[in-house]
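Listed here are the chains, written in short residue letters.
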Amino acid sequence: MKKILSLLLTATVLLGCLPSAFAASAVSESVVEQIIRSTGIMVGDTSGNMNLDKTVTRAEYAKMLVAASGYKDKVTGTSNVSPFKDVPYTHWAAGYIKTAVQQGWLTGYLDGSYKPNQTVTLEEAATGCLKLLGYTTEDFSGSYPYAQLVLYQSLGLNTGVTASQGTTMTRRNMMYLFYNLLNADTKDGQVYAQALGYTLNSNGEIDYLGMVSDTMEGPFVIESSLSELVSSENKTVYRNGYASTADMVRKYDVIYYNDSTIWAYANAVSGTYQSASPSTSSPTSVTVAGNTYEIETSEAAYALSALGGQNIGDVVTLLLGRDGKVAYALPAEDYAASVAGVVTAVGTGTYYNAVGNAYTARTITVTATDGGSYVYPCSKTTIEEGDFVAIGFGSSETDVSILQSASLTGTVSGRTIGSRTMADDIRILDVNDTAAVRVYDSRLDGAVLESGDVRYCAVNDAGEITDLILRDFTGDLYEYGIITSAKNESNGMSTSGEYTYLVNGEEKTLTTSGSSLGASAGPARLTMENGQLQSVRALNQIKNPDGITQLGVTKDGESWLFWDDCAVYLYENANYSLLSLTELRNNFDVYNVTCYYDRDTDDGGRIRIVIARPA
């Protein structure tokens, strides 16, 4: 193989040894951390804390190298000999240091010492990882460490690493270095993770989900406490996808775990048990509250079978795991998840009584604060479409009641609304006259909620907001498009309209008879009902903003944010064509730009449409 460095690269190296930018990884830091934990390269302390800001010693680094090598399951910290004069055989890392030095990944000092407590510099860490990839001293020319750092950067090992030449590596830097190592090519051209026996995804990167699934135990249902099932020592705990603690895991949570992590899910569905497939004697899926769920465990299959005590027609609770599959089932009178939402439809459904006889019942479809749609029998004819309801569950029936109104005001900032704190897994629903949509708390950041904006609010025992229903606050329930042509006609007693409009680049037409939308050409908010355009409202304009970012635009010291589904159009030669937001940002100076928004940011509004015209 050719030497990595020639004298002509010296100037490049000197520039390359500056701290690298915190590069945008393809995955979040939490996923990087979980991969490194799952491989055992780095683990937390007795509380599961990774202490990412602490520095790394040479003894710790030796253990990391071994865990990231083919020796990961063959070497322990114990040793029957003292590898160095300052590393006696009783040292906790003696075995790791001995292996790392024997394999040439690390070296000792000329005085016969190893200096296990000395911190590791960037060049030492990079060199050790390059040797794991198969590179040797024969692959480099020039003085150390310039050639090593050039290759370190060219292989992408520096992504996310903020250390520069001569500076000490933190555990966070080391975590990114080893993540990059797993995804790097070896000297022979194979992805390193694959060489260690890990699988790759379709992008040729380490398959995190597959790795976790291979080492994961579960699902298990917490019957009393987490500690009775598994120790949380040295483990990171997630609950409903958020970093949590063992104390927050509750009875009836569904958990999975491996050596480094515990995942808990509080996801329960309650309602009438309507059917089982292929049969009640051996069910693989069941229908409850109008939705069908796959069964994940034999315990759940037994509980929902003809032998298990949960019968068709019973009101049951399904405990769902990480994939939304049923981990266990129990009577709703023993445990039921609270449901709050809005009635989106009224109809009828077929149900079965305890002896298997069919009967027809009036039903309501409820869009709940979790964004799911559920069907419940409801004999109360006073409950109608558009009502806000709470659902309660007994042993043999579902109770439906009108939700009590609640007042909540204040500015949404981070995890707070005014003086109130939001739960990590807060469920937010935004509702208008015709539809409802789940909203995530980040969507509301910076908005100001007034009393008329909130219909319902629920809190947990800690006083945190767990559920919130808004009255048409975000505007996200509407479609936004461009009316390209509008004809509103009125001849005596006859009124009609003809309209052509674009939604996400797709052209649509509408003809009305007996009425007119009164629309005019231009970007607008479109109210749809049953797939038909019902009304049109013009949008506000921001002409030629001063600046643009990935998040929004600014003008005269004010700022507006883009909607996640904001459509950008290039208008040229009397035609509209879709343009990417990235292309707009990269060529902002060559366009005349007009942004169209529904409301200001503090009122929940967003920029819905952008039109760029060649300057």
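Just so you know, these numbers come straight off a predicted model, no measurement behind them.

Draft legend 1. Up close: the overall build of the protein. Within the protein one finds 11 helices and 34 strands. In terms of its C-alpha atoms, the protein occupies a principal-axis envelope of roughly 100 × 75 × 45 Å. Sorting the 615 residues of the protein into buried and exposed places 46% on the buried side. Put simply, 58% of the contacts in the protein that link residues at least 6 apart link residues at least 24 apart. Surface exposure of the protein reaches about 29400 Å², of which carbon and sulfur atoms provide 46%.

Draft legend 2. Layout of helix 3 (residues 58-67). In terms of burial, helix 3 is largely enclosed, as eight of its 10 residues are buried. Along helix 3, the residues that are buried comprise R58, A59, Y61, A62, M64, L65, V66 and A67. Elements in contact with the buried residues of helix 3: helix 2 (29-39), helix 4 (94-102), helix 5 (122-132) and helix 7 (171-183).

Draft legend 3. Quick peek at the pattern of salt bridges. The final tally for this structure, using the stated rule, is 15 salt bridges. Linking E29 and R172 is a salt bridge whose minimum nitrogen-to-oxygen distance equals 3.3 Å. Of this pair, E29 sits in helix 2 while R172 sits in helix 7; the two residues are 143 residues apart in sequence, bridging distant segments of the chain. By relative accessible area, E29 is classed as partly exposed at 26%. Linking R415 and D424 is a salt bridge whose minimum nitrogen-to-oxygen distance equals 4.0 Å. Through salt bridges with shared partners, a single network forms among R443, D476, D598 and R608.

Draft legend 4. Just the environment of E397, in detail. Within the fold, E397 resides in the loop between strand 14 (388-393) and strand 15 (398-402). Residues E397 and Y238 lie 159 residues apart in sequence; the distance between their C-alpha atoms is 34 Å. Apart from residues lying up to four places away in sequence, E397 is in contact with V315 and G392.

Draft legend 5. Spotlight on the pairing of strand 27 (residues 532-538). With six bridges connecting them, strand 26 (residues 522-529) and strand 27 associate as antiparallel partners. Along strand 27, the bridge assignment pairs L526 with V536. Here strand 26 folds back onto strand 27, and the loop between the two strands holds two residues, one of which, N530, carries a positive phi near 55°.

Draft legend 6. Summary view of the sheet that holds strand 8 (residues 291-294). The strand order across the open sheet formed by five strands is 8-7-6-9-10, and the pairing between neighbours is antiparallel. One side of each edge strand has no neighbouring strand; the edge strands of this open sheet are strand 8 and strand 10 (326-331). Strand-to-strand twist of the sheet, defined as the mean angle between neighbouring strand axes without regard to direction, takes the value 45°. Strand direction decides the pairing type here: strand 7 (residues 285-288) and strand 8, joined by four bridges, are antiparallel. Its bridge partner lying in strand 8, T287 is registered against T292.

Draft legend 7. Here's a closer look at the confidence of the model for the protein. Of all residues in the protein, 95% have pLDDT values of 70 or greater, and the mean over the chain is 89. No element of the protein has a lower mean pLDDT than helix 1 (residues 10-16), at 33, and none a higher one than strand 8, at 98. In the model, residues 1-25 has pLDDT below 50 throughout and makes 43 contacts with residues more than four positions away in sequence or in other chains.

Draft legend 8. Layout of the packing of aromatic side chains. For the structure shown, the criterion picks out 13 aromatic pairs. With centroids separated by 6.1 Å and ring planes inclined at 50°, the aromatic side chains of Y61 and F178 adopt a geometry described as tilted. Taken together, the residues Y61 in helix 3 and F178 in helix 7 connect sequence positions 117 residues apart. Taking the relative accessible area as the measure of exposure, F178 reaches 0% and is therefore buried. Considering the side-chain rings of Y571 and Y576, the 4.5 Å spacing of their centres and the 45° angle between planes classify their relative orientation as tilted. Feature note: the residues Y374, Y376 and F393 constitute an aromatic cluster, connected by ring pairs. Above the face of the Y478 ring, R525 is positioned so that its terminal group lies 3.8 Å from the ring centre.

Draft legend 9. Up close: the nonpolar core. If you look at the biggest cluster of nonpolar residues, it comprises 74 residues, and the most contacted ones within it are I41, Y61, M174, L177, F178, L181 and L182. Here this core takes eight residues from helix 7, the largest share from any one element. In this view, L181 contacts A68, C129, L132, L133, L157 and Y192; residues no more than four positions away in its chain are not counted. Ranked by size, the runner-up nonpolar core spans 31 residues in total, among them A289, A301, Y374 and Y376.

Draft legend 10. Representation of helix 6 (residues 146-154) within the structure. Restricting attention to buried positions, one finds in helix 6 the residues A147, Q148, L149, L151 and Y152. G156 sits one or two positions beyond helix 6 and adopts a positive phi of about 80°.

Draft legend 11. Quick peek at unusual backbone geometry. The omega angle of the peptide bond from Y144 to P145 is 10°, so this bond is cis rather than trans. Considering the arrangement of structural elements, one finds P145 in the loop between helix 5 and helix 6. Between G218 and P219 the backbone carries a cis peptide bond, its omega angle lying at 10°. Tracing the backbone through its elements, the reader meets P219 in strand 1 (residues 217-221). We note that N504 has phi near 50°; this positive angle belongs to a residue other than glycine. Mapped onto the elements, N504 comes out in the loop between strand 24 (494-503) and strand 25 (506-513).

Draft legend 12. Spatial organisation of the sheet that holds strand 24. Spatially, 25-24-23-26-27 is the arrangement adopted by the five strands of the open sheet, whose pairing is antiparallel. The strands lining the two open edges of the sheet, one partner per strand, are strand 25 and strand 27. Here the strands of the sheet are splayed against their neighbours by 35° on average, with no regard to which way each runs.

Procedures and definitions
Residues numbered from 1 in each chain as written. Predicted model: local features only at pLDDT ≥ 70, side-chain atom pairs only at ≥ 80, totals over all residues. Heavy atoms only, no water. Helix = DSSP H or I, 4+ residues; strand = E, 2+ residues; numbered from the N terminus. Buried < 20%, exposed > 50% of the residue type's maximum accessible area, 1.4 Å probe, protein only. Contact = heavy atoms within 4.5 Å. Areas by Shrake-Rupley, 256 points an atom, 1.4 Å probe, with all protein chains shown as cover. Salt bridge = Lys/Arg side-chain N within 4 Å of Asp/Glu carboxyl O. Pairing = 2+ DSSP bridges. Axes fitted to C-alpha atoms, helices over the stretch in contact; angles between N-to-C directions. pLDDT = per-residue confidence, 0-100. Phe/Tyr/Trp six-rings, centres within 6.5 Å; stacked < 30°, edge-to-face > 60°. Lys NZ or Arg CZ within 6 Å of the ring centre and 35° of its normal. Core = buried A, V, L, I, M, F, W, Y, C linked by side-chain atoms within 4.5 Å.

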